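Next come the chains, spelled out residue by residue.
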Amino acid sequence: MGVLEDLADRLAKDALDASEELNDEGILTEVAKQLGATSTTMEETYLTSIRIRLSERRARRFLESTLRKAKDPS
């Protein structure tokens, strides 16, 4: 990855962690607004990283749940 992608992805990871810790998904949007005020390119890259990480998280939870059910069908 380049510098832009590295920075945006690291920020996305930190924002997602903060969102979970604070139980506040609104923080993700607020961070995006802060980025958009100075760099729309960084904002879009951050939002892409957020979407990718959330998609992976949902898919992983689905996979883990499916495996648990297959091992314990009761």
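Residues numbered from 1 in each chain as written. Predicted model: local features only at pLDDT ≥ 70, side-chain atom pairs only at ≥ 80, totals over all residues. Heavy atoms only, no water.

> When you look at the overall build of the protein chain in this model, what are you seeing that I'm missing?
Helix and strand content of the protein chain: three helices and zero strands. Across the protein chain, helices and strands are ordered from the amino to the carboxyl terminus as α-α-α. In summary, the protein chain has a C-alpha radius of gyration of 15 Å against a globular reference of 11 Å for 74 residues, an excess of more than 25%. A total of 74 residues make up the protein chain; the buried ones form 22% of that total. Considering only contacts within the protein chain whose residues lie at least 6 apart along the sequence, 56% involve residues at least 24 apart. Counting only carbon and sulfur atoms, one obtains 55% of the accessible surface of the protein chain, whose full area is about 5,600 Å². On the protein chain, the mean spot of the 12 positive side-chain charges and the mean spot of the 15 negative ones are 7 Å from each other. (Helix = DSSP H or I, 4+ residues; strand = E, 2+ residues; numbered from the N terminus. Rg over C-alpha atoms; globule rule 2.2 N^0.38 Å. Buried < 20%, exposed > 50% of the residue type's maximum accessible area, 1.4 Å probe, protein only. Contact = heavy atoms within 4.5 Å. Areas by Shrake-Rupley, 256 points an atom, 1.4 Å probe, with all protein chains shown as cover. Lys, Arg positive; Asp, Glu negative; His and termini not counted. Charge placed at Lys NZ, Arg CZ, Asp CG, Glu CD.)

> It is not clear to me how the nonpolar core should be interpreted in this structure. Could you clarify?
Soluble globular proteins: nonpolar side chains tend toward being buried together. Counting eleven residues, the largest nonpolar core consists of A8, A12, A15, L16, L28, V31, A32, L35, M42, Y46 and I50. Beyond its immediate sequence surroundings of up to four residues, A15 is in contact with I27, L28, V31 and Y46. (Core = buried A, V, L, I, M, F, W, Y, C linked by side-chain atoms within 4.5 Å.)

> Explanation requested: the pattern of salt bridges in the structure shown.
If you walk through the whole model with that rule in mind, you get six salt bridges. Residue E20 is joined to R57 by a salt bridge in which the shortest nitrogen-to-oxygen separation is 2.8 Å. Residue E20 is found in helix α1 (residues 3–22), and its partner R57 is found in helix α3 (residues 40–71); the two are separated by 37 residues along the sequence. Its relative accessible area of 47% is what places E20 among the partly exposed residues. Sharing partners across several salt bridges, the network here consists of E20, R57 and R61. (Salt bridge = Lys/Arg side-chain N within 4 Å of Asp/Glu carboxyl O.)

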